[in-house]
Amino acid sequence: MSAFEILVWILRLAFLGLLYLFLAVLARGLLRDLRATTARTTRAPGMLVVMAAPPGVPAVGATMPLETITTLGRDADNVIVVDDQFASTHHARLTFRGRVWYLEDLGSTNGTRLNGRPVEGAVAVGFGDEIAVGETRFRLEPASA
Amino acid sequence: MIRPSLAGIHPRPRGRETTLLALAAAALLTGWVSLATTQAGRLSAGDPHLLVIYLVAAAVIHVLFVVTGRRTDQVLFPAVVLLGGISLLFMARLPPSLVTQDAGPAGILTLAPLQLVWLVLSLSTIGGLAILVRNDTWLRNYKYSWAAAGVTLLVLVFLFGDEVNGVRLTLRVGPLAGQPSELLKIILVVFLAGYLAENRALLAATSLRVGPLDLPPLAYLLPMLAMWGIALAVVVVQRDLGAALLFFAVFLGLLYVATQRTSFVALGLLLAAVGSVFLYAVEPTVQVRVAIWLDPFAQALGSGFQIVRGLYAFGRGGLLGTGLGAGLPSPDGTLAVPALATDYVFAGVAEELGAAGAIALIGLYLVIAERGLRIAARGADDFRALLAAGLTLVLVLQAALIMAGDLKLVPLTGVTLPFVAYGGSSLLGSGICVGLLMALSDAGVEAPAPPQALTRGERLRARGRGVAGRFERAVR
């Protein structure tokens, strides 16, 4: 085999090798994604971050994991207890239906607001949206952390 | 709802995409040196400006992705860049005179430069859609308008289309010629995603019992029959077996994704079987296709010539291939396999890169499938999920149909191999698919539509204004 033939062989194998290196790096990334997904689905699909709370409870910046049906209000039987004088006993409800979070007001005295607008009926909430119950404000975030 | 503004754009590093693109570039440059060395007979890089332009274009789009900072998928783009690069290598290796086109001031362009132009346009389409599309209402709310546009396109091809190789596919507008069926695939997916997302619950829950069969309710059966009719019409009028097969397969796939009912798929397959027998009886083209699929060697120098030559090409390739540029030469411009740049590009790649290269190519399409279906699974609502699933099906089924056709696993149909086969319409169509997939992969940009608490009047008003909006309301 001449030197040139060896050179051509090296180049050909290098090209094929690099193609498979690309696929191998890709496959490793895909597997990592897959593991991350399975780990994530065991947790609730979202959380609330406290933006402002006049009574100081819960603390600003605190995060609260959500359940598929999460009720908010002053009563102790709510999933998230909002200790706010402007909050009703059973104030609002967050539900995860299909793929989307929805927010409903439960006939509270002072109303629930989504990004500053009063909530009527069930409205879809996107990640990053702000929910206000009384004077307490939350932001919906994906439960990634 | 978060409104995007120029001030709100923050660059965001895309490490995985950078790594993968660097790897793809290294692979393609090595491939180019391998090709030039084989052709020159000594170590040479040849004239790499085509590949360099291509890689620079990919890098520019990557930088734009980073600067605009959207959290879109980081795997699809490098995979497409590698597929397109392999295509460019292969087109540069084929005789340049295979395709020539007068490009006015730029002079006469040959095969590889033409493919480069289309590849760069395709990558730009991906970049543009992935960066700019933040909202899907223009697709969601106007599904009947899209369907009407699609049918109009089909009728235009029926009436004014040019026949190339006995297939009526090409529509000519001035100097530009395109194959609208590439666009039609995407329009079909948009319409089906919209239709199925709206009627999903009804389709999945209700049923009509006829004997042992559990059929969907009659009113919802009609679109299925209409689809079947359109697929048959496409074959009869356009003699485009591939597009018809693809349309119907994508339709069945989406129907299953939306309803999870195997009875629908069984019914669809039954319809397809009846349609196939009918077409075999009336269409001589179909009879020829099936005959040369079953035994190409009976007509080895006639209608089976292409298949026989394709099989020989796979055989010559063996495990590791002959090497880029070392495949069977093409004396006086006639190719070893007819349509080597288009329908038989997979056979060509398999000859020069061998089974190893062919499997790598299949691997890249599998990656696209995984990413697309993953985007679908994470879609914010039914419409986005179905749209993503449909776009993925279009790309992957097309690749599977033509690769299997080249290998004589199924009768050969004239669909294109996405991002690899020569041809502008196909490259642009595939680019739109991947671009929309990337745009859909950025979850949480805009909250999905409100739930179905709207009254009928509100729902109709929500469909939009203007001519298209009035049309949508009229169709309802």
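Residues numbered from 1 in each chain as written. Chains lettered and ligands numbered in written order. Predicted model: local features only at pLDDT ≥ 70, side-chain atom pairs only at ≥ 80, totals over all residues.

Engineer: Is there a simple way to explain the overall build of chain A in this structure?
Structural biologist: Scanning chain A from terminus to terminus reveals one helix and eleven strands. Each helix and strand of chain A, placed in order from N terminus to C terminus, yields the pattern α-β-β-β-β-β-β-β-β-β-β-β. Relative to the 2.2 N^0.38 estimate, which gives 15 Å for 145 residues, the radius of gyration of chain A is 25 Å and therefore markedly larger than a compact globule would have. Principal-axis analysis of the C-alpha atoms places the extent of chain A at approximately 90 × 30 × 25 Å. Out of the 145 residues in chain A, the part that is buried amounts to 29%. Nonlocal contacts in chain A, meaning residues at least 24 apart in sequence, comprise 36% of its contacts between residues at least 6 apart. (Helix = DSSP H or I, 4+ residues; strand = E, 2+ residues; numbered from the N terminus. Rg over C-alpha atoms; globule rule 2.2 N^0.38 Å. Buried ≥ 20, exposed ≤ 12 C-beta atoms within 10 Å, placed from the backbone. Contact = placed C-beta atoms within 7 Å.)

Engineer: Hey, could you run me through the confidence of the model for chain B in this one?
Structural biologist: Close reading of the predicted structure is inappropriate where its pLDDT is low. Residue and element names in this part refer to chain B. Per-residue pLDDT for chain B averages 82, and the proportion of residues at 70 or more is 82%. For residues 1-5, every residue scores under 50 in pLDDT, and the model assigns this stretch five contacts once sequence neighbours within four places are set aside. Within the model, the stretch residues 450-455 combines pLDDT values under 50 with nine contacts to residues more than four positions away or in other chains. Scoring the predicted complex yields pTM 0.78 and, for the interface, ipTM 0.83. (pLDDT = per-residue confidence, 0-100.)

Engineer: Looking at this model, I keep getting lost on the pairing of strand β6 (residues 100-105) of chain A. Mind explaining?
Structural biologist: Moving residue by residue along a regular strand, the side chains alternate between the two faces of the sheet. Residue and element names in this part refer to chain A. Judged by which residues are buried, β6 turns out to be one-sided: W101, L103 and D105 face inward and are buried, whereas V100, Y102 and E104, on the alternate face, are not. Examined bridge by bridge, strand β5 (residues 92-97) and β6 share six bridges and lie antiparallel to one another. Bridge pairing in β6 places T95 opposite Y102. The turn linking β5 back onto β6 is made up of two residues, and G98 within it adopts a positive phi angle of 65°. (Pairing = 2+ DSSP bridges.)

Engineer: Quick question: what am I supposed to make of the sheet that holds strand β3 (residues 69-73) of chain A here?
Structural biologist: Note on sheets: strands pair through backbone hydrogen bonds, and any given pair is parallel or antiparallel. Residues and elements named next belong to chain A. Across the sheet, five strands lie side by side as β4-β3-β5-β6-β9; this open sheet has mixed pairing. Two strands lie at the open edges of the sheet, namely β4 (80-81) and β9 (122-125), each paired on one side alone. Both β3 and β5 contribute to a ladder of four bridges, which runs antiparallel. Of the residues in β5, the one forming a bridge with T71 is R93.

Engineer: Is there a simple way to explain helix α4 (residues 111-132) of chain B in this structure?
Structural biologist: Because each turn of an α-helix spans 3.6 residues, side chains separated by three or four positions end up pointing in the same direction. Its 22 residues place the ends of α4 of chain B 31 Å apart at the C-alpha level, agreeing with the 32 Å of an ideal helix rising 1.5 Å per residue. Within α4 of chain B, 16 of the 22 residues are buried, which leaves it mostly tucked inside the rest of the structure. (Expected span 1.5 Å × (residues − 1).)

Engineer: What should I look at first to understand the pairing of strand β11 (residues 136-141) of chain A in this one?
Structural biologist: All names here are of chain A. The side-chain alternation of β11 yields one buried face, formed by T136, F138 and L140, and one unburied face, formed by R137, R139 and E141. Where strand β1 (residues 47-52) and β11 come together, five bridges link them in antiparallel fashion. Considered in β11, the bridge of A52 is made with R137. Relative to β11, strand β10 (residues 130-133) runs antiparallel, the two sharing four bridges. If you follow I131 over to β11, its bridge partner there is F138. Where β10 hands over to β11, the hairpin turn is made up of two residues, of which G134 adopts a positive phi near 65°.

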